[in-house]
Amino acid sequence: MKKKSSFLLLAATILFSNLSDAQNFSLGVRSGFRIPNITAGGSESNPLNTGYKSRLGPDEAITGEYHLSSLFSLEAMLEYSSQGGKKTGMQAFPTPAEISQEIPGGQAPTYLYANFKSDAKLNYLLVPILAKFGWNLSSHSPFRIYVDAGPFAGFLLSAHQVTSGSSIYYSDAQQTPLPYGLTQMIGTQSFDTTNNIKNQLNTFNFGVSGNVGIAYHFVKSDIYIEGGGNYGFLNIQKGTANGKNNTGAGTVALGYAYTFGK
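Residues numbered from 1 in each chain as written. Predicted model: local features only at pLDDT ≥ 70, side-chain atom pairs only at ≥ 80, totals over all residues. Heavy atoms only, no water.

## Some remarks on the pattern of salt bridges
Item 1. Counted according to the given criterion, the structure contains eight salt bridges.
Item 2. Across the pair arginine 30 and aspartate 59 runs a salt bridge whose closest N-O atoms are separated by 2.6 Å. With arginine 30 in strand S1 (residues 25-40) and aspartate 59 in strand S2 (residues 57-67), this residue pair connects regions lying 29 residues apart in the sequence. In this pair, the class of arginine 30 matches that of aspartate 59, namely buried.
Item 3. Measuring nitrogen to oxygen at the nearest pair gives 2.4 Å for the salt bridge that ties arginine 34 to glutamate 79. (Salt bridge = Lys/Arg side-chain N within 4 Å of Asp/Glu carboxyl O. Helix = DSSP H or I, 4+ residues; strand = E, 2+ residues; numbered from the N terminus. Buried < 20%, exposed > 50% of the residue type's maximum accessible area, 1.4 Å probe, protein only.)

As structure tokens, then:
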């Protein structure tokens, strides 16, 4: 907790405490969309945490930038970030207890399979602190190209697993029927549910962010478009029952920044 508080304090300092040298400080907003995905981690992989594909989500941020020179600045953000991933089609889920009881001798499989949609919707507050390098296309050009990179701290705001569709149950991904006629006995089942999974996940993450962009400079302000991404170094799950995953995303955003002072 002490490390989390220190990181937020550093970000807030960069964002808001440089107004004493206001001509070197810019405050702005950024809005765009994020293309996140969940990646499975090494030896902890299992059918539950593999097979995720990218999903779209919003990305909104307040930015503060302190200009140290004509080429270099420090930028901090308070960023609402949609993360997660989705699966569509044949996929695994834990064998329900009522089915395990119908298979004698303790031979029930750990997972069953069905054809449905699953969407892991994870929303974070990210706090990136970025070193930013930029240069004008020419001495009189209003266009400026830049790159930035640096660490971020992530704080989990909400997490839901949303499933939909209907399917019969199978023993494996090859659609082998359940033993003892259970497939026919159970019939088609609905997967239309929304589960809050926040208590299964770690509330803190840490990783790296980076962007490449182009800005157009007016008298006291800039508009810009940028693309980039981030990757979290820490596993999102608290335990290992559902495997281990990391989150990451690509981002495309449009932004506006106003420079205070002269």
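Back to the write-up after that little detour.
## As for the nonpolar core
Item 1. Grouped together as the largest cluster of nonpolar side chains are 10 residues: Phe93, Ile99, Ile103, Leu112, Ala114, Phe116, Tyr169, Leu178, Leu182 and Phe191.
Item 2. If you tally residues by element for this core, the top one is strand S4 (residues 111-136), at three residues.
Item 3. Once residues lying within four places of it in the same chain are set aside, the contact partners of isoleucine 103 are Ala108, Pro109, Pro179, Tyr180 and Leu182.
Item 4. Membership of the second largest hydrophobic core comes to nine residues, among which are Leu122, Leu126, Ile197 and Leu201. (Core = buried A, V, L, I, M, F, W, Y, C linked by side-chain atoms within 4.5 Å. Contact = heavy atoms within 4.5 Å.)

## Observations concerning the pairing of strand S5 (residues 143-164)
Item 1. When S4 meets S5, the two strands line up antiparallel, connected through 18 bridges. What sits directly across from phenylalanine 133, in S5, is valine 147.
Item 2. The turn joining S4 and S5, which pair antiparallel and follow one another in sequence, is formed by six residues.
Item 3. Sheet topology places S5 next to strand S9 (residues 204-217); 13 bridges connect them, and they run antiparallel. From the neighbouring strand, isoleucine 145 faces S9, where its bridge partner is isoleucine 214.
Item 4. Across four bridges, S5 lies against strand S8 (residues 193-196) in antiparallel orientation. In the sheet register, threonine 163 faces S8, and the bridge partner there is threonine 193. (Pairing = 2+ DSSP bridges.)

Functional significance is not addressed by these values, which are geometric in nature.
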